[in-house]
Amino acid sequence: MNNSDIPFLSATDLGTLIKSKDLSPVDAVTAYLDRIQDVNPKLNAYITVCGEMALAQAKQAEKDINNGNYIGPLHGVPVAVKDQIHSAGILTSDASKIRSDFIPQENATVLENLTKAGAILLGKLNMSEFALGDPISSAYGPARNPWDIERNPGTSSTGSGAATAGFLCATSLGEDTGGSIRGPAANCGLVGLRPTWGRVSRYGVDGACWSIDTIGPISRTVSDCAVTIGSIAGHDPKDRYTSNIPVPDYVNLLNGTLDGLKIGLVTDFLDSDELGVTTPTKEAVVAAAAHFRTLGAEVVEISIPIAKYTGAVIRTITHTDRVSLFPDRIRTRASDHHQNTKIAFMAANLIPAQVYYKAQKIRDLVRTQVMEAFKSVDVLIQPTSSGPAGRINLEPGVRSLDQAKKDLIEGSFRGIYSLAGVPALSICCGFSDVDGKKLPLALQIAGRPFDEATVLNTAYAYEQSNTWKDIQPDF
Amino acid sequence: MEELTSQDIASLARSVNMNIPDNDLDQVAMSLNAILQLMSEITVTDVNLVEPLPIRHIKEDGIYE
């Protein structure tokens, strides 16, 4: 195998070759660093590349494996994480000028867990400033979508989507508050899992909204996603809300069998008038539902009436919480924010307490309705977003009141499961030809709390019986 | 619901000790009006009876009722 082919392996296949000593971690890291040098200028996926450190870790991994000290499936596998995740001795900027000199003293628990699993950190990935979900707000410039570099790779884990789809890391971590793992996975044709709130430690990850933030994988395959979440999940004494529920072996539970599974197709999100879903996306999701029937699952239509409101509700809660973390910044350093971040924070600072309180009440109703749905089905499916990736518009600003409302409503596609606190995964379910480019469409699969295994296996059965994963971006 | 004007926004901002430059007032107004209008459209009949508990404690056996 040529070194330039190594980045195109899945993380799982790469790990298997490293385990069998058919591939050296040093060669793997070198291949990725070479590709980052060639391709990152186009995608702007990385804020920081840790070349020397990664090579040193790769040499150590090679030595350990040769000495019989193999750790597991991520040993020697090059990974990258969103720049919201603390990394000892390495810049963690939140893609903001305000944090451009912040060097943490210790790793976030998720990064520590990845390191313990033997993964090698290639670098820190671009994102929306302070994870607010804006495509152009990064102080380092916007990341680009490998399927069309004029398009948004999905927010707020923009670099995690771009780097993973662009083969600039084997697997990555993002952070999802209102959809920031699933959005990039959808726009970039990847597999992104927002875990159950409490499944993965938030310690050492710059918060957006303490009670909704989650950290999870953005990967190229379901198996890669399973191995990545398995390495970071579990109780952490440093995060008092992490659960003691044991972490299953997600990879071994991938059997692709859906016999007896009951799937609910959430029809509210197929309503183009209310939620603006595009025809290609609607058709792709309906086709996916039909495909699940051929795989042995029972699919029923289900309605979650409160669904359409969830975008406004989650924005009200998360932006208020986010600006409240550092309330003085917007007063004293307003001009150090990107224009779009500044406007969003200023607006959030003016949300009346009664509206915030109402949003928290609606949140409880959302969770109640979602959990009610799970009494009759095992997983819920729907589009991850209304349509494929939109064009990047470098002109900042809120275009109009109608556009601002549309943006809020779009957030409902992912916000519903963020508010419910349940696991939700995005996977490619087809492509749409737009302006001569092939753009991924995405299916979202949500499950009961702490049932990531069923969500992953449902996605695995779908992935293995389709060819979408074999189509690669050409840029 | 009546839209907040730029003047309203400037007044609200003063009340929380925040200065919004004149050329940003329209932008903040659109952003805030969008949130307030959509939130006001949510008319769930029993919302007043809901306790806005953001975190539901998770049981060891993972059962949710």
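In this text the structure is predicted, and so the values were computed from the model without any measurement.

1. Describing the confidence of the model for chain B
Part 1: Confidence in the prediction of chain B, expressed as mean pLDDT, is 84, and 80% of residues score 70 or more.
Part 2: At the level of chain-chain contacts, confidence expressed as ipTM amounts to 0.94, with global pTM at 0.97.

2. Section: the interface of chain B and chain A
Part 1: Taken together, the contact between chain B and chain A spans 43 residues of the former and 48 residues of the latter.
Part 2: For the pair chain B and chain A, the summed buried surface comes to about 4,000 Å²; carbon and sulfur atoms form 71% of the total.
Part 3: The tally of links from chain B across to chain A stands at one salt bridge.
Part 4: For lysine 342 of chain A, the salt bridge is made with aspartate 24 of chain B, and the minimal N-O distance between the two is 2.6 Å.
Part 5: Sorting the residues of the side of chain B that touches chain A by element identifies helix H1 (6-15) and helix H2 (22-41) of chain B as the ones contributing at least two each.
Part 6: At 15 residues, H2 of chain B tops the list of elements feeding residues into the side of chain B that touches chain A.
Part 7: Here the residues of the side of chain B that touches chain A are counted per class, giving 25 nonpolar, nine polar and nine charged.

3. A few points about the packing of aromatic side chains
Residue and element names in this part refer to chain A.
Part 1: Applying the stated criterion across every chain, the model contains nine aromatic pairs over all chains.
Part 2: With a centroid separation of 5.2 Å and an interplanar angle of 45 degrees, the aromatic rings of phenylalanine 269 and phenylalanine 413 are classed as tilted. Taken together, the positions of phenylalanine 269 in the loop between strand S7 (262-266) and helix H8 (272-275) and phenylalanine 413 in helix H15 (residues 412-420) put the pair 144 residues apart, joining distant regions of the chain. Each member of the pair, phenylalanine 269 together with phenylalanine 413, is buried.

4. Quick look at the sheet that holds strand S5 (residues 191-194) of chain A
Residue and element names in this part refer to chain A.
Part 1: Reading across the sheet, the 11 strands line up as S1-S3-S2-S4-S6-S5-S10-S11-S9-S7-S8 and stay open at both edges, with mixed pairing between neighbours. Strand pairing shows two members of the sheet lacking a second neighbour, strand S1 (46-49) and strand S8 (298-302), which therefore form its edges. Taken pair by pair, the neighbouring strands of this sheet meet at an average axis angle of 30 degrees, ignoring direction.
Part 2: Looking at chain direction, strand S2 (residues 78-82) and strand S4 (residues 171-176) are connected through three bridges and run parallel. Bridged to valine 79 within S4 is threonine 171.

Cut-offs used in this document
- Throughout this description, residue numbers start from 1 for each chain and increase along the sequence as written.
- Starting at A for chains and at 1 for ligands, labels are handed out in the order in which the entities are written.
- Local features are withheld for residues below a pLDDT of 70 in this predicted model, meaning they are given only at 70 or higher, and side-chain atom pairs are given and counted only at 80 or more; totals for whole chains, interfaces and linings count all residues.
- Derived side-chain values reflect all non-hydrogen atoms in the structure, with water molecules and hydrogen atoms excluded from consideration.
- Each residue carries a pLDDT score, the predictor's confidence in it, ranging from 0 to 100.
- We call two residues contacting when some pair of their heavy atoms lies within 4.5 Å.
- Summed over both partners, the accessible area lost on bringing two parts together, with a 1.4 Å probe, is the buried area.
- What makes a salt bridge here is a side-chain nitrogen of Lys or Arg within 4 Å of a carboxyl oxygen of Asp or Glu, nothing more.
- Labels follow the DSSP assignment, with helices taken as runs of H or I lasting at least four residues and strands as runs of E lasting at least two, numbered in each case from the N terminus.
- Just so you know the grouping, Ala, Val, Leu, Ile, Met, Phe, Trp, Tyr, Cys and Pro go in nonpolar, Asp, Glu, Lys and Arg go in charged, and all remaining residues, Gly too, go in polar.
- Here a Phe, Tyr or Trp ring, Trp counted by its six-membered ring, pairs with any other such ring whose centre lies within 6.5 Å, and the pair is stacked when the planes are under 30 degrees apart, edge-to-face when over 60, and tilted otherwise.
- Between buried and exposed lies partly exposed: a residue is buried under 20% and exposed over 50% of the maximum accessible area for its type, with that area taken using a 1.4 Å probe on protein chains only.
- Only strands that DSSP links by at least two bridges are regarded as paired with each other.
- Think of each axis as a best-fit line through the C-alpha atoms, taken over the contacting stretch in the case of a helix, with angles from 0 to 180 degrees between the N-to-C directions.

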